[in-house]
Structures are given as structure tokens and as C-alpha cells.
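Listed here are the chains, written in short residue letters.
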Amino acid sequence: MPAMDYIDAIRLAMKEEMERDEDVFVLGEDVGVKGGVFTTTKGLQEQFGELRAMDTPLAESAIAGVAIGAAMYGMKPIAEMQYSDFMFPATNQIISEAAKIRYRSNNDWNCPVVIRAPIGGGIFGGLYHSQCPESVFFGTPGLKIVAPYRAYDAKGLLKAAVRDPDPVIYFENKKCYKLINGDVPDTDYTVPIGEANVLREGDDITVIGYSLPLLFAEQAAEELACEGISTHILDLRTIQPLDKEAILEAVRKTGKVLIIHEDNKTGGVGAEVSAIIAEELLYELDAPIMRLCGPDVPAMPINPPGEKFFMLNKEKVKEAMRKLALY
Amino acid sequence: MTQSASSGQKLRHMELGLSDEKAIDMYVKMVTARKFDERILLLQRAGKVNFHVSGVGQEVAQVAAAFALDRDHDYFLPYYRDYGFVLSVGMTVRDLMLSVFAKAEDPNSGGRQMPGHFGHKKLRIVTGSSPVTTQVPHAVGIALAAKMKKKPFVSFATFGEGSSNQGDFHEGCNFAGVHKLPVILMCENNQYAISVPLHKQLAGKVSDRALGYGFPGVQVDGNDALEVYRVVKEARERAVAGEGPTLIEALMYRLSPHSTSDNDLAYRTKEEVEFYRAKDGIPKYKQYLIDCGIWSEEQDEELLKAVRKEIDEANEYGDKAPFPAPESILLHVYADDEKGGVR
């Protein structure tokens, strides 16, 4: 099985899906000739032509809205938002339109659109190239939201998103593009939307998260193992709908849970995960539910000390995990 | 039916390629839409239904545009006043009544959406929402699909002049212009966006906005059925020939208040409304048909009787039809929710 960068896995998923089904196409700013500002769509225009790897005008609501229209016709568009920070002009199209098309038409119309958007900081992107906007869309029924961490899931979840009959937001982590490398089969496989995955088995504490911060949890778990602390790690993979059973099972395993994400704490995905745990197994917990998230500030700054202060890292996660283990 | 051609004179509708039968059918749809609208207003005033948003004064352009399209293949993205349009592309008075009464059998939304929020996949009427002008990028996306799949259909979207200020209008126009897509955008300029008059909505002309996007924009008298038919037909010919989009601004006047929740005399005068009522395109078109010798007052009386009967029956059907089961609100969030596929 070839080892592959996260970004290459995303590209491979698009290439395979476009080869499999001629109704699949990619549209967005700079996705064609340039192959994307991160090279995510590199080579697609050469292989599939200008229409199927389409450079669009710079207008995010149109990118989403045109994709939604094409999807209602029966196409399988993958709309790229260059940075998730720039997808807010498309929010009305995503929340008022894509999310409600099946529901408002009483199952007559549907909207199989995929909206890809790079999230996260740590790249000196400042306020508007670093955000994690998950919580804006999280809690909107009608949308599915995935956020892969492993290269394997980056490919499998994107292929599943393309084949899904409903709108899927695919939050890819731009810091992961070249940082995360892993085994990615060159076969045609999908990762089911709505299923979490156990990254590491352990007995003392449970860490639940998604996207980049899981790297820090895995690194910290390795080091804490030398201190005799055994960590169980659950990768949510899909943040909507949440895999409730997997969350409860992972917490039951240890009775102590830490939830981590880079999006700010208040109203984040972690709040909902905490509520699920509190509703279902409060009396099985051996410690209060703990969260480690981005601070409640509008976004991270570009100055390196400030960015570092905002971001999670191995040390911060390890410290939180140790504290939980010792509780 | 008397053949107008027998009069020896080449008539406007014939020149446009409209048979007598089609020309008369257009009139039937206009009258049906008008009478339907008036009935719902009554039902609302009588407390039988909660809400109505009217299209009175706009039916002529709506119907004429529909007849100029390929009603078997084109895709339609109407806005909330387009009763005349949807009736012309295959929706029935019964369908509309079921929507007005928010009943389970309503093909638009199964009683979920406000009336006037059309959708019917079999008829290629694309489901719409309330935030205005979101349908313009959708129409562009469907036109993009036509281009990609090399299919000879067009998409057709309508909206009001107030809506032509929305970002989605401009973003959609620009996208369609750049990619020369087969989309027709028709603004039903009825002079008011709820209470705000045209001159406070935009300083220029709606149709001129097309210039900035590199495709033609034309203004047309929305009360002149055959003129609307002509410009929409030409726009369609251009679209299927790969010549790109057209923006049409049909000038008309909203004779009704914005909705049943609106007191329009707070912002306009009775005299103004009466002035425009005199320009109503429906009696004008009727007179044209009579002048052509293909319509008569007797036939008109028959038509009104038949329309009234159709509306009465649909009214009763809609009123008596069952509401959706309350628990059904949980369905159709996702494709697989009936099977419990999504937790």
C-alpha cells in the first residue's frame, strides 16, 4: 500500500471519481490552469478539460449556488472554497438552499453537492486564512460535515461525499496537506460518512477529536505511554451526523474524556459531544468532561507568538491528557 | 374555432409562430391565474387560509414567457408571484390549492412551504425558497449542466426588480456571461419591493445591468403578451445557439398589496393603483383576440364559467384534503432517514 501525503490523497479521490463518473466535476477559484493555490487540483484540467476542472469568477456565493443548481439537475459537482474563511458569502446558499432542498420539496428534489474548504491555522495565515468555521454549519440539519485527519480517510471520505445523495461539506485541514502522510490504497474504497474510528486503544483516558489536533493527541499518547498512561483515541471523522454510539463506547472504555478541536470552544463541536456524554452516561464518568479548544477570540493573529498561543500542540494536549489521567 | 388566417390578414401572433389555439390557450391561463389569485385573497379574508402573496397584474408576462419556452424540456425557476407561469408549464389549479391549504398532497412541498414557493420535479419546476434571488445561481448551474451534457434545453428564472440588487443576481449573471450559458433571466419589474418604490431600489435600469456582464438586456412592456412572447422566444433561440444569456426586464405593476399582511395604501395612493389597473394587459389581450376574430364575449362568458368551476372544485378538494401527519415533519432531512440511516 503506497504511503501518500494527505493532499495527494484528496487529489487522488477527485481524479478517481472524475474517471469513474463523467458527471463529477470540480469548480472554484484557480482550480483549473493553476491546479489550486495549494495544488490540490493539479493535473485535473489537463486530464479532464476546462469544463470539468473549471476556473470560476471570484464569487463564492456563485461557486456554491451554481454547483447547487448543477447538482439539482443531476451533476455531481465538487465546489472548492479557496479558504474556509472565504466561504461565508456562500453561507446563504449552503444553509438556506443546499441543506433544505430535499426537505422543502418533500423529497422531490435533492442536492448531491460537495463543498470542499480548507480549515485551520499554523501557517501564518492571520485572521482570514486560518479559521475553523465548523460551528457555523454544525447543527444545520440537511448538511453532512466531514473533517478527515488521516490520509486514508481524506481519500475515502471524499469519495463517499461525491457519491452521497445529499450535500456534504468536506473540511480538509491545510496544515495536514504535507504534514500528514499515511497508507492510502490505490483501490476504489470509501469511508462511510457518519462513522467514527478508533485511532488507538487504551484504558486510562479517552481523547475525542477530529482533524489536525489528533496528531498531537497521538504523539502525546505515545509519550504518556512511557509514563504508564494508556490512551484511547477516537477520530470522529464525520462531525455531522455525529457517531453517537462510537462516542459513548469510547468514553465507557475509560470513564475519563478529553475533547479537542482547533475551532473555538464556545458552541463548538466539543460542546455537543460533551452534551451527548452528559446525557447518556454522566454517572459512569470518573472525571468531569474536559475540553481543550481554540480560545474564544475572533481568529488567530499572524504574529508567531500569538499564533502559537492560539494553536493546540503536542505539549498542550499532553498536559491536558496527563491532568485528566491524574484526576 | 374560427381560423384567424381566413381573414386574409397576417396577424401578430401568427407572425410569431403562435397558432390560434395557442394564442387562446395563453389567454385561458392568464384568466385562470387571475381568478385563482382573486379566490385566494377571498379565502384569506374569510379566514380559511393564513397567507397569500399575489401576482395580480403580472400574469400576462408570466404566461407569455412560459409559452415561448420549450415546456417539455426547459428548466424553470419561478419566484413567488408566478402563478400564471407555473399554470402554463403544467401545474394545475388543484396543485396550487393543495399548496394554499398546506395539505399533504401538495406537489410543491407536501404542505411544508408557504404558498408561492413552487417546485415540481416532473415539470422541471425547481424548488425555491424565500431568501430572494438564490434561484439565479441555480438557474446558471442548470444551464452549465446543459452545456456540459450538450443538451438543447435552457433554464429560465424570474425575480423582482428589488431582487436584482442581491449579490446572487450579480454573481449569477457574471458567471453565466463568462461561460456563455443558456439561461434566460426575466425580471418582473412590478415597481415595488414591498413598500419601496423602484426609484429607491435602483438608480439605473434593470435591463442595463446586463451590459456589465457582457450579454443583452432588453426592456419589454409586460402588459403586451405578444411582445413578451417575442423577446423570450428570441432569447431562447440565442441560448440554444450557444450565444449565451439574456436579461429581460418586463415592466408591469403590482396591482395587489405585497401580501395579505400588507396595507399598500400606507405607501401608495388609490389613484396610482387605478391608473395602472387601466393598463392591465389581460383585457387588452382579450380585445386583441376578439379583433382577430378568434374570440368572442360569448366564449369569454363560457370560459369564466369553466374557470370558476375548476377553481370551485380545486378549492373544495384542497380544503377537504388531509394535512400531513404531524410526525412526517421528521422525514426527508436526508435520503436515508426513513430507514433510520442517519442518527
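Per chain, residue numbering runs from 1 following the sequence as it is written. Written order decides the labels, with chains lettered from A and ligands numbered from 1. For this predicted model, a pLDDT threshold of at least 70 governs which residues receive local features, and a threshold of 80 or more governs which side-chain atom pairs are given and counted, while totals over whole chains, interfaces and linings are taken from all residues.

### Observations regarding the overall build of chain A
The test is simple: Each helix is a run of H or I in the DSSP string that is no shorter than four residues. Each strand is a run of E no shorter than two, and both are numbered from the N terminus. The reference for a compact globule is 2.2 Å times residues^0.38; the radius of gyration itself is calculated from the C-alpha atoms. Exposure in this text rests on C-beta crowding, where 20 or more other C-beta atoms within 10 Å of a residue's own make it buried, 12 or fewer make it exposed, and counts in between make it partly exposed. The C-beta atoms are placed from the backbone. Throughout, a residue-residue contact means that the two C-beta atoms, derived from backbone geometry, are no farther apart than 7 Å.
For chain A, the count of helices and strands is 13 helices and 14 strands. Here the C-alpha atoms of chain A give a radius of gyration of 19 Å, agreeing with the 20 Å that 2.2 N^0.38 yields for 327 residues. In terms of overall dimensions, chain A has a C-alpha envelope of 55 × 45 × 40 Å along the principal axes. When the 327 residues of chain A are sorted by exposure, 58% land in the buried category. Counted over contacts in chain A with a minimum sequence separation of 6, partners at least 24 positions apart contribute 80%.

### Some thoughts on the interface of chain B and chain A
Often, the extent of an interface is quoted as the loss of accessible area upon association of its parts. Just so we agree on the cut-off: Classification convention: Asp, Glu, Lys, Arg as charged; Ala, Val, Leu, Ile, Met, Phe, Trp, Tyr, Cys, Pro as nonpolar; all other residues, Gly among them, as polar.
Opposite the 33 residues of chain B that make contact, chain A presents 37 residues. Mapped onto the side of chain B that touches chain A, the elements with two or more residues apiece are helix 6 (135–148) and helix 7 (167–178) of chain B. If one sorts the elements of the side of chain B that touches chain A by residue count, helix 6 of chain B sits on top with nine residues. For the side of chain B that touches chain A, the residue count by class is 15 nonpolar, 13 polar and five charged.

### Looking at the domain arrangement of chain A
Residues and elements named next belong to chain A. For clarity, the cut-off: As used throughout, domain bounds are those supplied by an automatic or database domain assignment.
Taken as a whole, chain A is organised into domain 1 (3–183) and domain 2 (197–326). A separation of 26 Å is found between the C-alpha centroids of domain 1 and domain 2. Opposite the 27 residues of domain 1 that make contact, domain 2 presents 25 residues. Among the elements that make up the side of domain 1 that touches domain 2, the one with the highest residue count is strand 6 (residues 144–146) (three residues). For the side of domain 1 that touches domain 2, the per-class residue count stands at 15 nonpolar, eight polar and four charged.

### So, helix 13 (residues 314–326) of chain A
Residue and element names in this part refer to chain A. What counts is decided by this rule: In this scheme, a helix's expected span is set at 1.5 Å multiplied by one less than its residue total. Along the arc lie the directions from the helix axis toward the C-beta atoms.
An ideal rise of 1.5 Å per residue puts 18 Å on 13 residues; helix 13 measures up with 18 Å between its terminal C-alpha atoms. Every buried residue of helix 13 is listed here: Val317, Lys318, Ala320, Met321 and Leu324. Burial along helix 13 is one-sided: seen end-on, the buried residues are contained in an arc of 165 degrees. Of the exposed residues in helix 13, those oriented more than 90 degrees away from the buried face are Glu315 and Leu326. Tucked into the core, helix 13 has its buried residues touching strand 10 (205–209), helix 9 (213–226), strand 11 (231–235), strand 13 (257–264) and strand 14 (290–294).

### Regarding the sheet that holds strand 3 (residues 53–55) of chain A
Residue and element names in this part refer to chain A. Condition: Here, strands pair whenever DSSP counts at least two bridges between them. Note on definitions: angles span 0 to 180 degrees between N-to-C directions of axes, and those axes are lines fitted to C-alpha atoms, for helices only across the stretch in contact.
Strand order in the open sheet made by the seven strands is 3-2-4-5-7-6-12, with mixed pairing throughout. Pairing within the sheet leaves two strands with one partner each, and these edge strands are strand 3 and strand 12 (238–240). On average, adjacent strands in this sheet sit at an angle of 25 degrees to one another, irrespective of strand direction. Judged from the three bridges that link them, strand 6 and strand 7 (residues 168–173) form a sheet pairing that is parallel. Bridging across to strand 7, Ile145 finds its partner in Ile169. Contacting strand 2 (24–28), strand 4 (76–80), strand 5 (114–119), strand 6 and strand 7, helix 7 (residues 151–163) runs over the sheet at an angle of about 160 degrees to strand 7.

### Notes on the UniProt feature "domain: Dehydrogenase E1 component" (unreviewed entry) in chain B
Our working definition: UniProt positions are given in the numbering used here, feature names are shortened, and annotations may be inferred rather than shown by experiment.
Annotation from UniProt places "domain: Dehydrogenase E1 component" (unreviewed entry) at residues 30–326 of chain B. With 44% helix and 10% strand, residues 30–326 of chain B has its two end C-alpha atoms placed 36 Å apart.

### Topic: the sheet that holds strand 13 of chain A
All names here are of chain A. Strand order across the open sheet formed by five strands is 9-11-10-13-14, with mixed pairing between neighbours. The sheet terminates laterally at strand 9 (197–200) and strand 14, the two strands that pair on one side only. In this sheet, neighbouring strand axes are inclined to one another by 25 degrees on average, regardless of whether the strands run parallel or antiparallel. Across five bridges, the pairing between strand 13 and strand 14 is parallel. Residue pairing across strands places Leu258 opposite Met290, the latter belonging to strand 14. The sheet strands contacting helix 9 are strand 9, strand 10, strand 11 and strand 13, and the helix crosses strand 11 at an angle near 165 degrees. Taken strand by strand, helix 13 contacts strand 10, strand 11, strand 13 and strand 14, and its axis lies near 170 degrees from that of strand 14.

### Considerations on unusual backbone geometry
Cis geometry is found at the peptide bond from Gln240 of chain A to Pro241 of chain A, where omega equals 0 degrees. Relative to the helices and strands, Pro241 of chain A is located in the loop between strand 12 and helix 10 (244–254). For Lys180 of chain B, which is not a glycine, the phi torsion comes out positive at approximately 45 degrees. Position of Lys180 of chain B among the secondary structure elements: in the loop between helix 7 and strand 3 (183–189). The exposure class assigned to Lys180 of chain B is partly exposed, which follows from the 17 C-beta atoms found within 10 Å. Even without a glycine there, the phi angle at Gln191 of chain B is positive, about 80 degrees. Assignment of secondary structure puts Gln191 of chain B in the loop between strand 3 and strand 4 (192–193). Judged by local crowding, Gln191 of chain B falls into the partly exposed class, with 18 C-beta atoms found within 10 Å.

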